[in-house]
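Remarks on the overall topology
Spelled out from the first residue to the last, the chains are:
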Amino acid sequence: MGLETVVLKRIEEVNSDIADNAYFAYGTLFIKNADQFKALDVYRMMQALKSVVLCELQLSEAGNEYAIDFI
């Protein structure tokens, strides 16, 4: 299974609302409509992602989206 599939599946397990707004572009995970999610929800999602990837994650805001880079 590829990275994108694993990550999106894990997000779906943790928070289906975030998963409905998640997409990949050029290796970066974007979460649309960032203002509708609580910081705690995003924190829990990030912690869940750390359980399925071996790299560092970098969270940034990009307009009304969150951008998560896998570094």
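Details of the structure are given in the entry above.
Below or above, wherever it landed, is the structure these notes cover. (Residues numbered from 1 in each chain as written. Predicted model: local features only at pLDDT ≥ 70, side-chain atom pairs only at ≥ 80, totals over all residues. Heavy atoms only, no water.)

**Here we look at the sheet that holds strand β4 (residues 65-70)**
- Here four strands make up an open sheet; going across it, the order is β1-β2-β4-β3 and the pairing antiparallel. Of all strands in the sheet, those with a lone pairing partner are β1 (22-25) and β3 (57-62), marking the two edges. Strand-to-strand, the axes of this sheet are offset by a mean angle of 25°, without reference to chain direction.
- The strands that helix α3 (residues 39-50) touches are β2 (28-31), β3 and β4; relative to β3, the one it contacts most, it runs at about 145°. (Pairing = 2+ DSSP bridges. Helix = DSSP H or I, 4+ residues; strand = E, 2+ residues; numbered from the N terminus. Axes fitted to C-alpha atoms, helices over the stretch in contact; angles between N-to-C directions. Contact = heavy atoms within 4.5 Å.)

**As for unusual backbone geometry**
- Backbone geometry places Tyr-26, a non-glycine residue, at a positive phi of 55°.
- With respect to the element layout, Tyr-26 can be found in the loop between β1 and β2.
- You can call Tyr-26 exposed: its relative accessible area is 87%.
- The residue Asn-33 is not glycine, and still its phi comes out positive at about 55°.
- Inspection of the secondary structure assignment puts Asn-33 in the loop between β2 and α3. (Buried < 20%, exposed > 50% of the residue type's maximum accessible area, 1.4 Å probe, protein only.)

**A word on the side chain of Glu-65**
- Structurally, Glu-65 can be placed in strand β4.
- Nearest to the buried, unbridged Glu-65 among oppositely charged side chains is Lys-32, at 6.6 Å.
- A distance of 2.8 Å separates polar atoms of two side chains, one belonging to Glu-65 and the other to Tyr-23.
- Sequence-distant contacts of Glu-65, that is, excluding residues within four places in its chain, are made with Tyr-23, Phe-30, Ile-31, Lys-32, Ala-34 and Ser-60. (Lys, Arg positive; Asp, Glu negative; His and termini not counted. Salt bridge = Lys/Arg side-chain N within 4 Å of Asp/Glu carboxyl O. Polar contact = N/O pair within 3.5 Å; in protein donor to acceptor, adjacent residues only side chain to side chain.)

**Some remarks on the environment of Ala-48**
- For Ala-48, the location among the structural elements is in helix α3.
- Between the C-alpha atoms of Ala-48 and Glu-61, which are 13 residues apart in sequence, the distance is 19 Å.
- Apart from residues no more than four positions distant in its own chain, Ala-48 is found in contact with Arg-10 and Val-14.

**A word on the pattern of salt bridges**
- One pass over the structure, following the stated rule, counts one salt bridge.
- With a closest N to O distance of 3.0 Å, Arg-10 and Glu-13 form a salt bridge. Within this pair, Arg-10 and its partner Glu-13 are both found in helix α1 (residues 3-14), separated by three residues, close to a single helical turn.
- For Arg-10, a relative accessible area of 24% puts it in the partly exposed group.

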